[in-house]
Structures are given as C-alpha cells and as structure tokens.
Amino acid sequence: MNISYKWLKDYIPVTFSPKELSDILTSIGLETGSIREIETIKGGLKGLLIGQVLTCENHPDSDHLHVTTVNIGSGEPLQIVCGAPNVVAGQKVVVATIGTQLYSGEESFTIKKSKIRGVESNGMICAEDEIGVGTSHEGIIVLPDDAKVGALAKDYYQVESDYVLEVDITPNRIDAASHYGVARDLAAYFSTHYAPCSIHPPSIDDFQIDDFSSAVTVEIENTEACPRYSGLTIKNVTVAESPMWLKKRLETIGVRPINNVVDITNYVLHETGQPLHAFDLKKIKGNKVIVKTLPSGTPFVTLDGMERKLSDKDLMICNTEGGMCIGGVFGGIDSGVTESTQDIFLESAYFNPVWIRKTARFHGLSTDASFRFERGTNPNNTLYVLKRAALLIKEIAGGNITGEIQDVYPVKRFNRKISVNILNVNNLIGKKIPEKIIENILKSLEIEILNKEQNIWELDIPTYRVDVTREVDVIEEILRIYGYNNVAISEEMNSNLSYETPTDRNYKLQNIISEQLTGAGFNEILNNSLTSGSYYERLISFPVNNCVSLQNSISAELAVMRQTLLFGGLESIEYNRKRKHPDLKFYEFGNTYVLSPEKQKENDPLSAVKEELKLSLWMTGQSVTNSWMRPDEKISVYELKAYVENILLRMGITPKKVVYKSCTNDIFSSALLIETSSGRRLGIFGIVQKRICKQFDINAEVCFAELNWDSLMKENQSVRVKFSEITKFPAVRRDLALLLDKNISFAEIEKIAFQIDKKLLKEVSLFDVYEGKNLPEGKKSYAVSFILQDEEKTLTDKQIESIMSRIQKKLEEKLGAQLR
C-alpha cells in the first residue's frame, strides 16, 4: 500500500525524514519495503534559473536563429543561440545552464556547451514543453516583469516533491490500510517515545442537509451479508475534472484520476480506509436501493465491460428492476458517475468479510474496495466517512444534500471487552513496563480502560481493530508500540531439559535424506499443493472423485488438492526440458490429500480427508553424458531402485524387512510395490506410462518413486542401533542356477530362502537373469547367490549342504524350480 509522506502531515506533525519514518513504521509492524521520491515535474526543474535577455541579434549564418546575451543574476552574461521566433531583448525567461538535465517523456538529455553554425552557445532558453510546465512549443516562455533574475525556476513554479512509502500491510492489520490508520499508529509511537502527539481527523462539523425533500430509500434483504448500509443523496452536482491538488494526491499514490466525484470517493478511501461508491441517481429505478442476492446464473455486466454470471452468494446492490453493483467488489457498467451525471447517491456500507472474499475469488476480481471489505472494515465508521465525502463533493463539485441520511443498521456492533492481567503483560514481554506507559499506549491506540481492579484491567476495544480479540493480542499491541528493541536480553540464562519430539525427529530425518539425495545429484523441488483436476480424469489409481475440490478456485489449473506428487514433478520436468535441460533428477517432500466421502461425519468436514506426507523421486534423461571415462548411459528403473533402497537403509529399514511386489496400473507401465513383512505399504516405484508423459510433452522415459513418509517414520520408530563385533569366522557363498516360470519374482525366492533359515543365512542376491535360446517356452534362468555365516564358529560342509538342500527342495515344491 502506498502512503504519501506529505499526506500524513495533514493528520500529525511529522518532523522525521522519510527514511527515519520508514524505520519507525517497520519497528511498529508496518514494514516499509521502499521509499520513492515523486516530483510534480520530472527532474524538479533542477539547474534552471530565471534570466533576462539583454541583447538579441540575428545569427550571421542563419535566417531564423538569434544570438542573445542573458543575465542569470551571477557572473558574466551568457551567450546563448536561440531559435524561438518570439525572443526579444528585455524579456524575463527560463534558462537551462550547462550541465542541466532536461526530460522528454522517459528520455533525457544534458545541456552542453556547443557551437551552432559557428557561434558559441552556453545554455538554452526554454519553452514550456521542454521543461514540463506546459505543452506549448510555439516559442520560449516569457515571464512577467516582476520575475526575479537569478531565482531558481523550481521556486518560481513552486515545484514540490513528495515521498511515497510502500507499506506492506499484513492481513490482520487492515486498520492501517489508510493514511489516517498509519498516522494513528505513528501518533501512538511519538506519544510513547517523544512528546504527546494527537491525531487530527478531518472535521465534519459543517455537515448539514440542504433540502429535506424525499430522496432515495434503502432496504436490506440479506442482513448477514450486509449488516450496515448508509447512504445519502446529493443533487445538482457538476461532474468535471478534479482540482490539481486532488489529482496530485491520487497520482502520487498510483491512483488514476477520473472525475471529481469518483476521485473524491477514492481519496476518502485512501484517507480513512472505508470504501465508497457513487451511483448516478437517474439509474436508481424506483428511487430505492435494495441490498440482496440474485438467482445463480444471472448475467451482470461490470464496469470493465465484461459480462459475468452471478452466484447466488454474490451480494448485489439493486434498484427495483435489477442489479447495479456487485456489493463491495465491483460496480456495474450502467450505474457509475459520468460527465452527464447531475444527481448522485453516495454509498458507505459495512459488508460481511466472508461474503466479499468468496465473491471476489469466484469472479477473479481484486479491487481496493474488496481488499478492505474482505479483511474487515469498521462498521461504526460509515456515517463519518459518508459526511466527510459529502462535504468534499459540495466543496469541489457543488450540489445540495437532499433528504435524510439513510442508515440501515439492524444489529448494532459494539466494542469488544477484553480483560488483561498486567502481570501477564510483563511476563510475556519479558520486561516490567511502567503502568503509566501502558496506559498512554492504550489511550493513543484508542483503547479505553474501563476499570482497574488490582492487576486486572477491563479494556474497551474499538471496532476498527478486528484482529484484537484476546489478551495476548492486546499485549502484542503494547509491545509493538513500546518497541521490540527496547526489551533487553537478560544476562541470566534459563534452561531446562528437553527431549526430542516426533516432530523434531521427523524434521531431522528429512534433512538427512535431503542431504543424501542432494549428494547423489538430485535437486529438491517444491510444487503447489493445488493442481488441475484434469490430471485425475479417467484414472483408477487416483479417481477424480477422491480429489478435494476448492469451492472458489482461482483457476481450473488450481482447482483441487493433489492426491499424488507425480504431476507436479512432471510439470517441473516439462518446464526444464523445454529450456534444454533434459537430464534431471528431482525429489520433493510434500503433503497429499485424498477424499473418502463414505467417511464423512456430520459437522466434521475434515473427517473425510486423509492427509499424508510423501517423498517422491523423479529421474529422466541420461545418467551419464559427455564423460571421457564412461559411455553415455540412460537412466534406468534399477538405478532408481538403488536410490530407494539407500533411503530405506538410511532410515534403518533393512532389505530383510522389505517385500517387493510386482504391479502395473494406469500410472506405471511396470512397477514394484514396497511393503513390510507385516503388510504395511511403504511406497511404489516404476516407469511412468508413456501416455501420461505425453500429456506433458515429455518424449523420454520417466522413472518415478513415491514413498509414504509417515509409514517410513513409523518403521523407523522401532529401529535401534546396536553394536556388534565383526565376526572372526568366514562367510561361505553358494550359487544356484534355477530354471523358473517367467512370472516368478526374485522376491519370492528370497522369502522362501529366509523361511528355511534365519540364523545362518545372511544374504540372498540375484546376480544374473537369462531369457532366450535353449530355454523352454515361458521359462527364465535366475543365478542366485546365498551367503551363510555362523558368528560363533566355522561352518562345516555338512551344515552348509543341509541348508542348501532344504532351500533347493522348498524352491522346487513351492515354485517348481529346476536346477540347471
């Protein structure tokens, strides 16, 4: 939000520089991002002086140039060659001396000493358009005789500069979304740290009704959406261009002037924080304003000329025949004030923030009015603002205030009462602040102390502070104005024993795995939890019916919560591949959301939603490229499997605890499920279906793994690191070449082997697979190694043969295996 430095001075005396004021605002919670100097004339007429033409003679080598001598009030008169037809001796003129920078639009040029057709010229006599004080270029500026020679042009033209402070308003501080709101906080700070400072709001004492004849009436049908609506009628106004002071005020903060009536509503909005709207009275059919909703699908054309289909939750400002304005958000094309408008109806209302926020999101609109209404304006300020705007309109545009003020306020909003324990103030802040200072801070923030009883203070919180609802909020306000930097750090250190919580352990392990993956060449990505529902259409693994949908989505691309991290990663791959980065390895930690409508409980909308933390990995392109040591090598799902197993090992989940199951679905062309021996699913990895890759213009193979981090953490809880000595006795390896059916996996062999012996059998691994010639149809050959070891003694041949024969026999029985 832009705040004018000069505008603030209308309400409080400011002696600090813009930079000092910026630092103060930041210290009290209104962080100032930047400071910009705004000049009424670009360049500020720097280097320009008032001069007098002493002599003017024709140029010896030109029929239109003149050679002049000009007195600029100091030093020798300057010889200047001038081409203006109206230059004569004796004139008072504006002179640009050597080194002066002049502006033409966004371009600039510097006045230099030069020769024009052989005659030296030491400056420039200026026309209006050349220095930005007008548009004429018919000749030089001729000033009145009383203009003082040698005076600065910026003083003669009364050029002023202002500074704009870009204040970043947090969502809870909508009370500071105006010049008066910022001035109120500054007054509180000045009163606490310097001298007492009072804020001076514009007076409305001169307000009076000029004509008590009947005017527009107001009816509120939907009091939930519109708790208060105030308005008045002003007749015989003259809609025209705004005066210069008003236009400059608005242009300084980046608001485009339109006409005097509309500009006043914008001015008062940025002055007080209360949005206003002016209607052309002749467009209010039936001379009545009705605040209500219209049927869903009703067409309505807004000020931007776009036809929008209304929702039945859109609050509309209507006349007796139809809608005129989307309440609190955007005006209608036929109801605004134009140059032909003579009579107006001025609106000042309080709208329900939830209703306004939903409407603004539904239509994709964001205006100065909706920004304030959806965060909560002051319901008890509508009349003051209405009168303030009416007085400005009478002053600038003329007119008569006609009829009684219409103020419909069915259920009055009262100030909130909060009890504050002074002991809690000191304990929470960490410093004992004198009660007198606390009183002054509260008073300067317009918080009234109703009663004091021992350490308990009863406070009356004004309605403009929508965010102050608890004792701790009041304490924050006290500390904010007192100053965070004024709370010294004690030399005493208080400590206590703390134990690692599950959250701490989770965070620690995430960092460990992140470092491991980064070290392996992966890059971490972070995608939006909102995604497109079209990704889930026609999927069985992630049905679209299980998507958590947004009621008022910003766009179709961000309409649902993601069920899987897959599609966000594919979007990142697509983005990088289109920018000539084809070899990619990504990982992401992120939450997924699955809706199960059958689990919905009454009065608990979240009961049907399951949220899980996942870790996903993506690989595509080349694993090795442009290496002098190794030939180029494509990524493979086996490489991905190695990374997945390393993650499991790092978390203490050994291969013995894991079972791999082959699967195919509409996401993977081939994949393996990862489960524990007890059946808990840890994740899945495999090769993504080509048709899915094509949706993202990816014509390369993508390997993807998705691990359930919550399940991994549960497995990790039982992991205990134990010390064991390295055995002194050797391990023995035996290999079997097995002929098996093609549908049998290595995991089945491994499972059967460990069922035979868990004590001496240490490892089972697959080191060769053969399919092809010299094998029966439907068969394949596995070469499997078995590592046996006794940690207490050397194994005998008899023990080894006994175990191997039992394994062989069981494989023959269960899997129909044959030794080759």
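Before reading further, recall that the structure is shown in the block above.
Residues numbered from 1 in each chain as written. Predicted model: local features only at pLDDT ≥ 70, side-chain atom pairs only at ≥ 80, totals over all residues. Heavy atoms only, no water.

*Asks:* Would you take a moment to explain the sheet that holds strand 12 (residues 161-167) for this structure?
*Replies:* Two orientations exist for strands paired in a sheet by backbone hydrogen bonds: parallel and antiparallel. Across the sheet, 3 strands lie side by side as 1-12-2; this open sheet has antiparallel pairing. Pairing within the sheet leaves two strands with one partner each, and these edge strands are strand 1 (2-4) and strand 2 (32-39). Taking each pair of neighbouring strands and ignoring which way they run, the sheet shows an average axis angle of 25°. Strand direction decides the pairing type here: strand 2 and strand 12, joined by 7 bridges, are antiparallel. Bridging from a neighbouring strand, glutamate 37 pairs with tyrosine 163 of strand 12. (Pairing = 2+ DSSP bridges. Helix = DSSP H or I, 4+ residues; strand = E, 2+ residues; numbered from the N terminus. Axes fitted to C-alpha atoms, helices over the stretch in contact; angles between N-to-C directions.)

*Asks:* What am I meant to see in the sheet that holds strand 4 (residues 66-71) here?
*Replies:* Spatial ordering of the open sheet is given by 5-4-3-6-11, a layout of 5 strands whose pairing is antiparallel. Both outer strands of the open sheet, strand 5 (78-82) and strand 11 (124-125), are each paired with one neighbouring strand and no more. The sheet contact formed by strand 3 (residues 48-58) and strand 4 spans 6 bridges and is antiparallel. In the sheet register, threonine 55 faces strand 4, and the bridge partner there is threonine 69.

*Asks:* It is not clear to me how helix 6 (residues 244-252) should be interpreted in this structure. Could you clarify?
*Replies:* Since the α-helix packs 3.6 residues into each turn, any two residues three or four apart lie on the same face. All of the buried residues in helix 6 are Leu246, Lys247, Arg249, Leu250 and Thr252. In the stretch just after helix 6, glycine 254 is the one whose phi turns positive, near 90°. (Buried < 20%, exposed > 50% of the residue type's maximum accessible area, 1.4 Å probe, protein only.)

*Asks:* I'm lost on the packing of aromatic side chains in this one. Help?
*Replies:* Tallied over the entire structure, the rule returns 22 aromatic pairs. For the ring pair tyrosine 536 and phenylalanine 567, a centre distance of 5.3 Å and an interplane angle of 80° mean the geometry is edge-to-face. Of this pair, tyrosine 536 sits in the loop between strand 28 (530-531) and strand 29 (560-561) while phenylalanine 567 sits in helix 15 (residues 566-577), and the two are 31 residues apart along the sequence. Ring geometry for phenylalanine 668 versus phenylalanine 704: centroids 6.1 Å apart, planes at 15°, classification stacked. One end of the pair, phenylalanine 668, is in strand 35 (residues 668-676); the other, phenylalanine 704, is in strand 37 (residues 702-708), with 36 residues separating them in the sequence. Phenylalanine 668 sits in the buried class, given a relative accessible area of 3%. The exposure class assigned to phenylalanine 704 is buried, which follows from its relative accessible area of 2%. Over the aromatic face of tyrosine 464 sits the side chain of arginine 184, whose NZ or CZ is 3.7 Å from the ring centroid. (Phe/Tyr/Trp six-rings, centres within 6.5 Å; stacked < 30°, edge-to-face > 60°. Lys NZ or Arg CZ within 6 Å of the ring centre and 35° of its normal.)

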